[in-house]
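Given next are the chains, with one letter for each unit.
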Amino acid sequence: MTEPAGPSDTTAARRLDGNAAAGALADLFAVDVTTARSRCPSCGKTSMLGAHHLYADAPALVLRCPHCTDVVLRYATQQGRILLDLRARLLTIPAPAPANESNGA
Amino acid sequence: MSVLSRGFRRGRSQERSDGRLPPGQYDAGDGFPVLSAGPTPSTPLDRWDLTVHDETGERHRWSWEEFRVLPREAVSVDIHCVTTWSKFDTRWEGVSLDTLLQDAPTTARFVLAGSDGGYTTNLPLDDVTGGRAWVVDTYDGRPLAPEHGGPARLLVPHLYFWKSAKWVRRLTLLPHDRPGFWETFGYHNHGDPWLEQRYSGD
Amino acid sequence: MAGTALQRRLTWLTAQVRDNRSESPSVHRLVLDVPGWPGHRAGQHVVVRLTAEDGYTAQRSYSLASPPEEPDLHLLVARLDGGEVSPYLTDELRADDQVELRGPIGGFFVWSAAADRRDAQEGRRPVQLVAGGSGVAPFAAMLDHHRRTGSPTRLRLLYSASTQEEILARDVLGPETTVTLTRGVPAGWSGEAGRIDADMLRRRTFPPDEDPRIFVCGATMFAEAVSSSLLDLGHSPSSIRIERYGSSGEPS
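Criteria and cut-off values
- Residues numbered from 1 in each chain as written.
- Chains lettered and ligands numbered in written order.
- Predicted model: local features only at pLDDT ≥ 70, side-chain atom pairs only at ≥ 80, totals over all residues.
- Helix = DSSP H or I, 4+ residues; strand = E, 2+ residues; numbered from the N terminus.
- Buried ≥ 20, exposed ≤ 12 C-beta atoms within 10 Å, placed from the backbone.
- Contact = placed C-beta atoms within 7 Å.
- Nonpolar A, V, L, I, M, F, W, Y, C, P; charged D, E, K, R; others polar.
- Pairing = 2+ DSSP bridges.
- Right-handed = clockwise from strand over helix to strand, strands pointing away.
- Axes fitted to C-alpha atoms, helices over the stretch in contact; angles between N-to-C directions.
- UniProt positions renumbered as here; feature names shortened; annotations may be inferred.
- Domains from an automatic or database assignment.

**Student:** Which residues make up the overall build of chain B, and what values do they have?
**Tutor:** A count of helices and strands for chain B gives three helices and 11 strands. Going from the N terminus to the C terminus, chain B shows its helices and strands as β-β-β-α-β-β-α-β-β-α-β-β-β-β. The C-alpha extent of chain B, read off along each of the three principal axes, is 60 × 35 × 35 Å. In chain B, buried positions account for 36% of the 202 residues. Contacts in chain B between residues at least 24 apart in sequence constitute 61% of all its contacts with a sequence separation of at least 6.

Here you go:
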């Protein structure tokens, strides 16, 4: 656990959930990855990507482990290319349905 | 085949005519955007130190009190962030890297700055000596706020601002270059805003 | 996660603006018709993409404020002065304009009446919603979904708004909702006043011994404060789901 930051900490005020990264990550993964499970390379704990901590205002999206705050994933688009630094030890993503099927949710 | 959004334009197009705005940048005016890739660390001043290392180990260590009595300089500089904002005439105070690195080994050609929270950035020694880089602990006459890198950050204003590591604690002198947090992620190794060195390959 | 074994590929869809109306002094309601929309669950969000004539694009995420039963998609967009996207969406966009969007996104911060019917044990747990400002948007979808499906799940909302004029989604707020106003209350106000704290949570939300499923949505500092008060009251961390929103380094 990290120490809760004081109310004057505007960096803490802008921390988001991994949920908010799913739209951008769909460029690469084709599906919503909020329910993908990711094992932290540092502390080894597994959490849903949607529950990770997201820092979205740096030059790239930086996803951090909600348990130890270590970097799990970096993602950026630069000049027509996508950069992915996937440090998660194991990422388990629900598979997409065949293209002609809706999930009917 | 994207849908055009009638009347939508890129925001923030303030320009300057005095030649002080590097290509692709805009003038952030009075704003001072905060960009962060992680939580803001908080190291109490009585546990804070600044160290200079080389490959064989620690060469210097200053506690907060010792750092505060080193020879100080006041600088007023323009800063340029790779996310395209620039800010003009920013005023800082701190210690020149010429002072902190004055007995660097002759084999050293690069510096890797390391921060609380794990951030790193690499710089050629030639870019941080000769009055071009400082470790600063005040901004605009006041102690540097944590969100802007306090208690102390690197200031290397002639390069993109990611090189000016917030919360700096360690300067490691190296004979070979070792890319840092953004430099290993597609950002330019040198980062000169006037050459628009944003991404590797620019 | 049961029931999420397969999911749809996310592609950009073209939405037609049906209506763009003022919801409060600082928030607009965008009503969108999206041909090919695959359906969503209450609590999910979409990404909206704008493209300028010079090819510049900007994307922002917005929660869906309308329930799955409603064919149009509703977004509640707060205008951030000096922003790039939100003033365009609130002030420039008109009926018959088009925007692109991608979704639905988010399998974590959702509530569905059908899921509660399938999982009776989970369905017996009440649902507690806690919103700050425009963070009420996903809960507007949940409340409307709850009403339209006649769901037996017990559900409450504690909603913090700055002023009476800034209360959003009034048409779906019913007796399950407690509103607290943080910047002064009008004469005759019968709701709460002041920021949500542990004491207000104790009085106005399901207690820990009812084992509620708790959803918190608001600006990051709001969400942090509420969730830490909930933990202090004895709720378990695994029962609390948080959706934070915040402007990034630049205004939206």
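Next, the rest of the story.
**Student:** So what about the interface of chain A and chain B? Which residues, and what values?
**Tutor:** Of the residues lining the interface, 20 residues belong to chain A; the matching set on chain B comes to 17 residues. Going through the elements one at a time, helix H1 (10-14), strand S5 (61-64), strand S6 (71-78) and strand S7 (81-86) of chain A are the ones with two or more residues in the side of chain A that touches chain B. Tallied by class, the residues present in the side of chain A that touches chain B amount to nine nonpolar, six polar and five charged.

**Student:** Give me the sheet that holds strand S8 (residues 127-132) of chain C: which residues, what numbers.
**Tutor:** Residue and element names in this part refer to chain C. Pairing in this open sheet of six strands is parallel, and the strands run S11-S10-S9-S8-S12-S13 from one edge to the other. Edge positions in the sheet fall to strand S11 (192-193) and strand S13 (240-245), since each of these pairs with one other strand and no more. Looking at chain direction, strand S10 (residues 177-181) and S11 are connected through two bridges and run parallel. Residue pairing for S11: Leu181 is matched across the bridge by Ala193.

**Student:** Any chance you could break down the pairing of strand S12 (residues 213-219) of chain C for me, citing the residues and the numbers?
**Tutor:** All names here are of chain C. Burial runs high along S12: six of the seven residues are buried. Looking at chain direction, S8 and S12 are connected through five bridges and run parallel. Within the sheet, the bridge partner assigned to Val130 lies in S12 and is Val216. When S12 meets S13, the two strands line up parallel, connected through six bridges. The residue of S13 that forms the bridge with Val216 is Ile242. The parallel pair S12 and S13, bridged by helix H6 (residues 220-233), forms a crossover whose chirality is right-handed.

**Student:** Quick rundown of the environment of Val168 of chain B? Include the residues and the values.
**Tutor:** Residues and elements named next belong to chain B. Among the secondary structure elements, Val168 is positioned in strand S11 (residues 168-174). Accessibility expressed as a C-beta count within 10 Å gives 23 for Val168, which makes it buried. The spacing of Val168 and Leu50 is 118 residues in sequence and 7.6 Å in space, taken between C-alpha atoms. Excluding its chain neighbours within four sequence positions, the residues that come into contact with Val168 are Ala113, Ser115, Val135, Ala152, Arg153 and Leu154.

**Student:** Before we move on, can you summarise the sheet that holds strand S3 (residues 57-63) of chain B with the specific residues and values?
**Tutor:** Remark on secondary structure: sheet strands pair via backbone hydrogen bonds, oriented parallel or antiparallel. All names here are of chain B. Strand order in the open sheet made by the five strands is S3-S2-S11-S6-S7, with mixed pairing throughout. Sheet topology places S3 and strand S7 (120-124) at the edges, where each strand pairs with a single neighbour. Across the sheet, the mean angle separating the axes of adjacent strands is 20° when strand polarity is ignored. Relative to S7, strand S6 (residues 110-115) runs antiparallel, the two being bridged by five bridges. Looking at S7, one finds that Val111 is bridged to Leu123.

**Student:** So what's going on with the UniProt feature "domain: FAD-binding FR-type" (unreviewed entry) in chain C? Residues and values would help.
**Tutor:** Those residues carrying the UniProt feature "domain: FAD-binding FR-type" (unreviewed entry) are residues 10-111 of chain C in this numbering. Across residues 10-111 of chain C one finds 7% helix and 46% strand; the C-alpha atoms that close the span lie 21 Å apart.

**Student:** Describe the domain arrangement of chain C, listing the residues and the values that go with them.
**Tutor:** All names here are of chain C. Domain assignment breaks chain C into domain 1 (13-105) and domain 2 (113-245). Facing 16 residues of domain 1, the contacting portion of domain 2 comprises 13 residues. Here the residues of the side of domain 1 that touches domain 2 sort into nine nonpolar, five polar and two charged.

**Student:** Explain helix H2 (residues 22-29) of chain A residue by residue, including any values.
**Tutor:** Those residues of H2 of chain A lying buried are Ala22, Gly23, Ala24, Leu25 and Ala26 of chain A. Of the surrounding elements, those touching the buried residues of H2 of chain A are S5 and S6 of chain A together with strand S4 (45-51), strand S5 (57-63) and strand S7 (98-105) of chain C. Of the residues flanking the end of H2 of chain A, it is Ala30 of chain A, one or two places downstream, whose phi is positive at about 70°.

**Student:** So what about the environment of Asp140 of chain B? Which residues, and what values?
**Tutor:** Residue and element names in this part refer to chain B. Looking at the element boundaries, Asp140 is found in the loop between strand S8 (134-139) and strand S9 (142-143). Under the C-beta neighbour-count criterion, Asp140 is labelled exposed, with 12 such atoms within 10 Å. Each C-alpha atom of the pair Asp140 and Ser76 lies 9.3 Å from the other, and the pair is 64 residues apart in sequence.

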